[in-house]
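Examining the three-dimensional arrangement
Chain by chain, the residues run as shown.
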Amino acid sequence: MRSLDHLFDRNVAWADRKTEQDPTFFRRLSEQQAPQYLWIGCSDSRITANDVLGLDPGEVFVHRNIANIVHTSDMNILAVLEYAIEVLRVRHIIVSGHYGCGGVQRAMAEERGALVDHWLQPLSMFYRKHRPLFDGMGEAPQQLNRLCELNVEMQLRRVAATPIVEGAWLRGVELHLHGWIYGMHDGLLRDLGATVASIEERDALPSIDQRVTQRSEPLSPRRRHALEAFSALGLADMASPPCCMPSLEKPPK
Ligand SMILES: [Zn+2]
């Protein structure tokens, strides 16, 4: 099939649907974009920032590449960062990886020599350096997923180290960096808890080498809701077990 007419058909249907829902949608979008977020994610076709975040066009500025790697000499990502911070004035930069990432898996493999291996070099060096620790983390999928999490934390540190971000912080610009990971099996994002909003906070982060041995507790939105609900109960309520829980104490004889 040479023609891609079916994509144009889908485009027309989508534009019609949008206009039906909001007749001024495209007019407003064409006049300006004012996203509050910059998303740095993997190129994987299954993860589109707008869908995952439930946002409309115009609401998130996006940069994607294989395995969401941040090379501090990559003109592409530096130009995106500069434009997002200086022109669009985004207040949040989200570095988001995903579990089961093929790019991260490639960084763990023995193959070398393809261009993608140059791209993944910082991550594969990191993995090889800590190989014995990863080997002790269980089966291959567990090792891969832990490296996916650590990759997000590594790239977040790299964003935080760019002169563009440092310069913004030094000028007093409000800019928050977040490290998240997405689970394709349940469609949920998880917060890796490495949010930084200043040079001091960045410098207080443990090194990425230290993080290999520290357990990570990714926080999904569902778990966040549950924790909020529990904390709203107050400590007094938490002290006694719920009424439906059987007592662990032995009954008196
Ligand atoms: Zn990926």
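Please refer to the structure placed before this passage.
Residues numbered from 1 in each chain as written. Predicted model: local features only at pLDDT ≥ 70, side-chain atom pairs only at ≥ 80, totals over all residues.

This part is about the overall build of the protein. Broken down by element type, the protein carries 14 helices and five strands. Along the longest, intermediate and shortest principal axes, the C-alpha atoms of the protein span 80 × 50 × 50 Å. Taking all contacts inside the protein whose residues are at least 6 apart in sequence as the whole, residues at least 24 apart take part in 68%. (Helix = DSSP H or I, 4+ residues; strand = E, 2+ residues; numbered from the N terminus. Contact = placed C-beta atoms within 7 Å.)

What follows deals with the environment of Gln143. Checked against the element boundaries, Gln143 lands in helix H9 (residues 140-160). Since 19 C-beta atoms lie within 10 Å of it, Gln143 is described here as partly exposed. Measuring from C-alpha to C-alpha, the distance between Gln143 and Leu133 comes to 9.3 Å, with 10 residues separating the pair along the chain. Excluding residues that lie within four positions of it along the chain, Gln143 makes contacts with Phe134, Met137 and Gly138. (Buried ≥ 20, exposed ≤ 12 C-beta atoms within 10 Å, placed from the backbone.)

Compared with an ideal rise of 1.5 Å per residue, which puts 17 residues at 24 Å, helix H1 (residues 5-21) spans 25 Å between its outermost C-alpha atoms and is within 8% of the ideal. Counting buried positions over the 17 residues of H1 gives zero, only a small fraction of the element. (Expected span 1.5 Å × (residues − 1).)

This part covers unusual backbone geometry. Even without a glycine there, the phi angle at Ala67 is positive, about 65 degrees. Note on Ala67: 26 C-beta atoms within 10 Å, which makes it buried.

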